[in-house]
Each structure stands twice: as structure tokens, then as C-alpha cells.
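# Tertiary structure, described
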Amino acid sequence: MKPSSDPFDRILAALHGAALDEARWPDADRLIGEIIGTSGGSLGLYTGTSAADVTAFLLRICIDGHRRKDWERRYTDEYFASDERVPRITRLDYGRITPTGDLYTDAEKRTSRTYNEAVIGVKARHGLNMRLEGANGMEVIWAVHDPVERGGWRSDQIGLIRRLRPHVRQFALVSHALAEARVTEAAARELLASRSIGVIYLDRRCRIEAANDRALEILRQGDDLMDRDGFLCTPTPEENAELSRLLARTLPLFGELGSAGSMTVNRRLALHITPVGDDYPHFRTRRLAAVVIIVDPARQNRIDPAGVAAVLELTLTESQLAVALAAGQTVDDIAAETGRAEKTVRWHLKQIYRKLGISRQVDLVRRVLSLDGFGAPSHDR
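## Observations regarding the overall build of the protein
The helix and strand inventory of the protein stands at 14 helices and 13 strands. Against the globule reference of 21 Å for 381 residues, the protein gives a C-alpha radius of gyration of 23 Å, in line with a compact fold. Pairs at least 24 residues apart make up 59% of the contacts formed inside the protein by residues separated by at least 6 positions. Approximately 18200 Å² of the protein is accessible, and the part contributed by carbon and sulfur atoms is 51%. Where the 54 positive side-chain charges of the protein centre and where its 53 negative ones centre are 3 Å apart.

## Brief notes about the sheet that holds strand 11 (residues 261-265)
In spatial order, the strands read 8-7-13-12-11; together these five strands make up an open sheet with antiparallel pairing. Either end of the sheet is taken by a strand with one partner, and the two such strands are strand 8 (208-211) and strand 11. On average, adjacent strands in this sheet sit at an angle of 20° to one another, irrespective of strand direction. Note: strand 11 against strand 12 (residues 269-275), five bridges, orientation antiparallel. Of the residues in strand 12, the one forming a bridge with Met-263 is Leu-271. With respect to the sheet, helix 14 (residues 361-369) is in contact with strand 11, strand 12 and strand 13 (290-295), its orientation differing from that of strand 13 by roughly 40°.

## Considering the nonpolar core
If you look at the biggest cluster of nonpolar residues, it comprises 72 residues, and the most contacted ones within it are Trp-142, Ile-161, Leu-164 and Leu-364. Per-element accounting of this core gives the leading share, 12 residues, to helix 7 (residues 155-193).

## Here we look at helix 13 (residues 342-356)
Here helix 13 is 15 residues long and its end C-alpha atoms lie 21 Å apart, about the 21 Å a rise of 1.5 Å per residue gives. Every buried residue of helix 13 is accounted for by Val-345, His-348, Leu-349, Gln-351, Ile-352, Tyr-353 and Leu-356. Against the buried residues of helix 13 lie helix 10 (305-312), helix 11 (316-326), helix 12 (331-338) and helix 14.

## Re the confidence of the model for the protein
Taken as a whole, the protein shows an average pLDDT of 86; of its residues, 91% reach a score of 70 or greater. Confidence over residues 373-381 falls short of pLDDT 50; this stretch has 22 contacts with residues more than four positions distant or in other chains.

## A few points about helix 3 (residues 69-79)
Inspection of helix 3 places Trp-71, Glu-72, Tyr-75, Thr-76 and Tyr-79 among the buried residues, and these make up the whole buried set. Buried positions in helix 3, seen along its axis, are confined to an arc of 130° and lie on one side of it. On its buried face, helix 3 sits against strand 2 (55-63), strand 3 (66-67), helix 4 (85-89) and helix 6 (113-121).

## Some thoughts on the side chain of Asp-224
Position of Asp-224 among the secondary structure elements: in the loop between helix 8 (213-221) and strand 9 (226-228). Looking at Asp-224, its side chain comes within polar contact range of the side chain of Asn-266, at 2.9 Å. Apart from residues no more than four positions distant in its own chain, Asp-224 is found in contact with Cys-233, Thr-234, Pro-235, Val-265, Asn-266, Arg-268 and Leu-269.

## Section: the packing of aromatic side chains
The relation between two aromatic rings is expressed through the spacing of the ring centres and the mutual angle of the planes. Evaluation of the coordinates by the stated rule reveals four aromatic pairs. Ring centres 6.1 Å apart and planes at 85° place the aromatic pair Tyr-75 and Phe-80 in the edge-to-face group. The buried category is assigned to Tyr-75, whose relative accessible area is 11%. The ring of Tyr-94 is capped by Arg-131, whose NZ or CZ atom sits 4.1 Å from the centre of that ring. Its guanidinium or amino end placed over the ring of Phe-8, Arg-163 lies 3.7 Å from that ring's centre, counting from NZ or CZ.

## Some thoughts on the pairing of strand 5 (residues 128-135)
Extensive coverage of strand 5 is indicated by the burial of six of its eight residues. Two successive antiparallel strands, strand 5 and strand 6 (residues 138-144), enclose a turn made up of two residues, where Asn-136 displays a positive phi of approximately 55°.

## Notes on the packing of helix 3 against helix 6
Relative orientation of the contacting elements helix 3 and helix 6 amounts to 175°, with a least axis distance of 11 Å. By the angle between their axes, helix 3 is roughly antiparallel relative to helix 6. Here Trp-71, Tyr-75, Glu-78 and Tyr-79 of helix 3 lie close against helix 6, whose contacting residues are Arg-113, Thr-114, Glu-117, Ala-118 and Gly-121. Across the contact of helix 3 with helix 6, the residue classes tally to four nonpolar, two polar and three charged.

## Considerations on the pattern of salt bridges
Tallied over the full model, the rule gives 20 salt bridges. Residue Arg-88 is joined to Glu-108 by a salt bridge in which the shortest nitrogen-to-oxygen separation is 2.6 Å. Separated by 20 residues along the polypeptide, Arg-88 in helix 4 and Glu-108 in helix 5 (residues 106-111) bring together distant segments of the chain. Overall, the relative accessible area of 26% leaves Arg-88 in the partly exposed class. The buried category is assigned to Glu-108, whose relative accessible area is 14%. Between Arg-154 and Glu-149 there is a salt bridge; the shortest N-O distance is 3.0 Å.

## What about the packing of helix 11 against helix 13?
Between helix 11 and helix 13, the shortest axis-to-axis distance is 10 Å and the interhelical angle comes to 95°. Overall, the two elements helix 11 and helix 13 adopt an arrangement that is roughly perpendicular. Two secondary-structure elements touch here, helix 11 through Thr-317, Glu-318, Leu-321 and Leu-325 and helix 13 through Val-345, His-348, Leu-349, Gln-351, Ile-352 and Lys-355. A class-by-class count of the residues in the contact of helix 11 with helix 13 yields five nonpolar, three polar and two charged.

## A short note on the environment of Ser-244
Inspection of the secondary structure puts Ser-244 in helix 9 (residues 237-250). As for Ser-244 and Thr-234, which are separated by 10 residues in sequence, their C-alpha atoms are 9.9 Å apart.

What counts and what doesn't
- Every residue gets a number counted from 1 within its own chain, in the order that chain's sequence is written.
- Whole-chain, interface and lining totals are the exception, using all residues; otherwise, since this is a predicted model, local features are given only for residues with pLDDT of at least 70 and side-chain atom pairs are given and counted only at 80 or more.
- Calculation of side-chain values draws on the structure's entire complement of heavy atoms; hydrogens and water are dropped beforehand.
- Here a helix means four or more residues in a row that DSSP labels H or I, a strand means two or more in a row labelled E, and each is numbered from the N terminus.
- Two things to know: the radius of gyration comes from C-alpha atoms, and the globule rule equals 2.2 Å times the number of residues to the power 0.38.
- Working rule for contacts: check all heavy atoms of both residues, and any pair within 4.5 Å makes them a contact.
- Using a 1.4 Å probe, the Shrake-Rupley method yields the accessible areas, and only the shown protein chains count as cover for residues.
- We count Lys and Arg on the positive side and Asp and Glu on the negative side, and we leave His and both chain ends out.
- Think of each charge as sitting on NZ of Lys, CZ of Arg, CG of Asp or CD of Glu.
- One bridge is not enough; two strands pair if DSSP finds at least two bridges between them.
- In this analysis, axes come from line fits to C-alpha atoms, helices being fitted only over the stretch in contact, and the angle between any two N-to-C directions falls in the range 0 to 180 degrees.
- Remark: nonpolar core denotes a set of buried residues (Ala, Val, Leu, Ile, Met, Phe, Trp, Tyr, Cys) joined through side-chain atoms within 4.5 Å.
- Three labels apply to residues, based on accessible area from a 1.4 Å probe with only protein chains included: buried if under 20% of the type maximum, exposed if over 50%, partly exposed otherwise in between.
- A helix is expected to reach a length of 1.5 Å times the quantity of its residues less one.
- pLDDT: the predictor's confidence for each residue, scored from 0 to 100.
- This arc describes the spread of directions from the helix axis toward the C-beta atoms.
- Residues adjacent in sequence count toward polar contacts only when both atoms are side-chain atoms; beyond that, a polar contact is any pair of N or O atoms within 3.5 Å, and within protein one must be able to donate a hydrogen and the other to accept it.
- Only Phe, Tyr and Trp rings take part, Trp by its six-membered ring, and two of them pair if their centres are within 6.5 Å. Stacked means planes under 30 degrees apart, edge-to-face means over 60, and tilted covers everything else.
- Only when the NZ of Lys or the CZ of Arg is both within 6 Å of the ring centre and within 35 degrees of the ring normal is a charge said to sit over the ring.
- Our angle categories are set so that under 35 degrees counts as roughly parallel, over 145 as roughly antiparallel, 65 to 115 as roughly perpendicular, and the remainder as oblique.
- Residues are grouped as follows: Ala, Val, Leu, Ile, Met, Phe, Trp, Tyr, Cys and Pro are nonpolar; Asp, Glu, Lys and Arg are charged; every other residue, Gly included, is polar.
- By convention in these notes, a salt bridge is any Lys or Arg side-chain nitrogen within 4 Å of a carboxyl oxygen on Asp or Glu.

Given below as C-alpha cells:
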């Protein structure tokens, strides 16, 4: 069948394709920009209604037809928590098209960092914003960036944006649901593959969502970790407070970047905790929010750094660092033990990430542990 030449139909076809293949979203946004006459767009999924409880689950920013991960990360890290328009957008009537300027007071237009830096940076000061009805407690925010032509928005442009609202909404919900299903499926495979390493998955409220056999054994024993009414806890108040701080950094309340981290429990077990998602924090799942990998060095066969270096194609220094991290040591521990500066250790860690094509410590730990019976080495993109 010959592709439709109708501009609206072409956009719908692009959105349908992008829903099944998220990598095609920039192409769909580029087509929307060409047909409507806009410099780009932003799309997000969120829960909550105030600065204290809004959590972003999806964020995509495209400018001039290109996805801008740099601005996604910068906005999430630097502006989201203080963006004055966020709670106002969450209270808009569904589908109401609101200019960016109407979401800031006159005083905020003079003082707001977001309005004077981020909004200008993504070419959205004269853009249009709308809240679209979501599903399962999540809602959609769609922002159309500045018009390409001077003179403001024409009625035909507004009309086309109105027609596209339900289809953009559907794209956001379907693409997130499919991505979340893929992450959940991958997590299930990892749980089944792990034999000697404990693996626990937590939801966004830090409740235990799933655990493999080794983790359940540790929880039943209760000497190091416990399941207390569905929450992961330690026997001692001091270590429990440290675990709480680590989880708070991993799963922040706002949309900002969560950070992976490690700790030692009872001077024996090493815990590695990291957010779950694809290119976190620009995509987050709801069911699975963090993975906890539990390593008992006493039960592990010694992993030879030389073997790790050969298999993962690392230098001996890099492989020694990787093995130490997998055993539960922190960067500070390794710096103190080796006499290196902390920044030097972190530089080596970045080199490892670059060589292996990964970006998180937990992925490195998994790769190293895979050489000691943790299933086949993963192939992170």
C-alpha cells in the first residue's frame, strides 16, 4: 500500500513506529516539527502533583530533530526540582494548551533559573504545554517548543496540535509499557541465572518486589539482612540507617538522577544497589526501581584479576579495581589500600566503563561476578 501523503497520517504512522521502536522517536518528533513548524518538543510521564512528590518516569527532549540526552540530563539534574511550572502543569485541565510564559509569574520571569536558562536552551520560551490523561496513576506532559516562524502560533498549527494530543498520549503510554516489560523480562532472566549471588529487586517505595533463591536464604537466616514487612532491613540500627541513606540516593523523590552505591553489612556481605532503567533517569520503571546485588566474599571463589583482564580486555590495574569493587570495596577503600588518589581510582573506573560500553557500577560488578558462576557475561549496550 502506498504511504499516505496526508501530513496528519504521516505523523500518526511515525508515532506508531516510534511506539514499537523508541529509537525512532526523534524521527517522529522531526516530522512533527517539519509539518507543524516547531523547533522541537519534550515528552514526559510523571506521578504526583507538587514539588515534594512529583516523580518523572520518562523524559525525552528533541531539538531541531535530534534527541538531546545532554539536555535531558541537565534539566533533570539542575532544574526539575526547582522548576516553578511543574506543579502548575500537573493542575492544568486535561488537554488545555498553555503557553510557557503563562506558567511563570512576572517575578519568576526575572529570577527563575529554569525560565531564563533551561527554557531558552531547549528553544521553548514561546512553546506550548499540555497535560494529557495517563493510566495506572501516571500522566503525560507534552511540550511543543518554539514556532519556527516569527509572529506567534497560527490557528492551523494549534488545530493540528489539538488533533495530535490523543495520539502523542498513546505513544507515551505504549512505549513506556513496552520498555518496562522488556526491563522486567530481563530482570526475571537475571534472577533465574544467578546461583551464588543474591539478587533482590525493589519497587519505587523500596519494597521487595522479587528475590532469587540465594537472597531468600540470606533473608530467612536474618543474620545480615531481613525482610521486615516487605522492606529490606539490617539487624543493627546503624547499618539500617546507612542502608536507608543509600536507598534514598538510589531512588530520590524528585526526578533527579539517582546514584548507585555500595555498603558492607555485618563486616561480611557486600551490597551493590543501583537504579533500574534504560539510560536512567530518562526512563524509569514503576514495578522495578532498584536492584540489590548481595555478595558474600567468603562463599565466592577467588576471582583472578589476570583472568578478568584477559576476558574483559582490561589492563591489570583496571581488572584489580573491578575485582575489588565486586568484592564490596568502595572507591575510597581501594584508594586507601592502594595508596592512589580517589580521583585516580575514579579515572580508571571511567576507562573501564568506556572499554566495556557501560555506565553503571552494578553492570561492571555483574560482568566480574559472571566469571565466578553468575551466568553468562551480559552484553550491555
